[in-house]
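Next come the chains, spelled out residue by residue.
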Amino acid sequence: TLSWLPDSQSLVFPQEKDVFVDRLDGSPPQPVTDNSTSSDDWFEGQIGQLASSPDGRFQALNLYPDGLAILNMESGETVHVTDGLGIDHLTLKWSPDSQWLAFTPNYNQGLFVVNANTLENTKLSTDTPPLTYFPAWSPDSKQLAFSQQNALFLWDSETQSTSELTRADYI
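Residues numbered from 1 in each chain as written. Predicted model: local features only at pLDDT ≥ 70, side-chain atom pairs only at ≥ 80, totals over all residues. Heavy atoms only, no water.

A. Summary view of the overall build of the chain. Broken down by element type, the chain carries zero helices and 16 strands. Counting every position in the chain, which comprises 171 residues, the buried fraction comes to 43%. For the chain, restricting intrachain contacts to residue pairs at least 6 apart in sequence, the fraction spanning at least 24 positions comes to 31%. On the chain, roughly 9000 Å² of surface is accessible, and the fraction owed to carbon and sulfur atoms is 49%. (Helix = DSSP H or I, 4+ residues; strand = E, 2+ residues; numbered from the N terminus. Buried < 20%, exposed > 50% of the residue type's maximum accessible area, 1.4 Å probe, protein only. Contact = heavy atoms within 4.5 Å. Areas by Shrake-Rupley, 256 points an atom, 1.4 Å probe, with all protein chains shown as cover.)

Okay, here's the thing in structure tokens:
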């Protein structure tokens, strides 16, 4: 996957276990990480998906075999946020202010948010199985709307509370 940085002059992309920045000025791609020798297992640590935060400070990384990590682009430090939630068909949605990352693991089985500064991980979905779809942030990053089964929900980032807005046959 590719992601633009806010300067519109740089692309971020994964290559196996590492993240690179390619600037449009013709210079060669520069590595942000150096994980090529981090494991004897070729598969472990492979980056399956990458998503840049809107301010470009963070990259959400879908790491195989089963984890979500956040890479700090300034320090180059990668911190695992989840372990064992699974990574198949992961949806990654950054809030416009880059403070929150919403994600749905394993074919939309639940909805979680991660605070990019504290790395605290919170589960928002309520049903079992929690088939959760289409997380969408408000422009001010204070609310996250999402559909779950036949209902539309709203999560408030300030109060950390979820409320049901409406029900319908299909949302």
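B. A look at the nonpolar core. Residues A60, L68, I70, L92, W94, L101 and F103 are the most contacted members of the largest nonpolar core, which totals 14 residues. When contributions to this core are tallied by element, the ones reaching two or more residues are β6 (58–63), β7 (67–72), β9 (91–94), β10 (100–104) and β11 (112–115). Apart from residues lying up to four places away in sequence, L68 is in contact with A60, L61, V79, H80, V81, T82, L90, L92, L101 and F103. (Core = buried A, V, L, I, M, F, W, Y, C linked by side-chain atoms within 4.5 Å.)

C. Inspection of the environment of Q15 at higher detail. Along the chain, Q15 falls in strand β2 (residues 10–15). When its relative accessible area of 47% is taken as the criterion, Q15 is described as partly exposed. Measuring from C-alpha to C-alpha, the distance between Q15 and I47 comes to 7.3 Å, with 32 residues separating the pair along the chain.

D. The sheet that holds β2, seen in detail. Spatially, β1-β2-β3-β4 is the arrangement adopted by the four strands of the open sheet, whose pairing is antiparallel. Strands with a single pairing partner mark the edges of an open sheet, and in this sheet they are β1 (3–4) and β4 (30–31). Where β2 lies against strand β3 (residues 18–23), six bridges are found, and the strand directions are antiparallel. Bridge assignment links Q15 to a residue of β3, and that residue is D18. (Pairing = 2+ DSSP bridges.)

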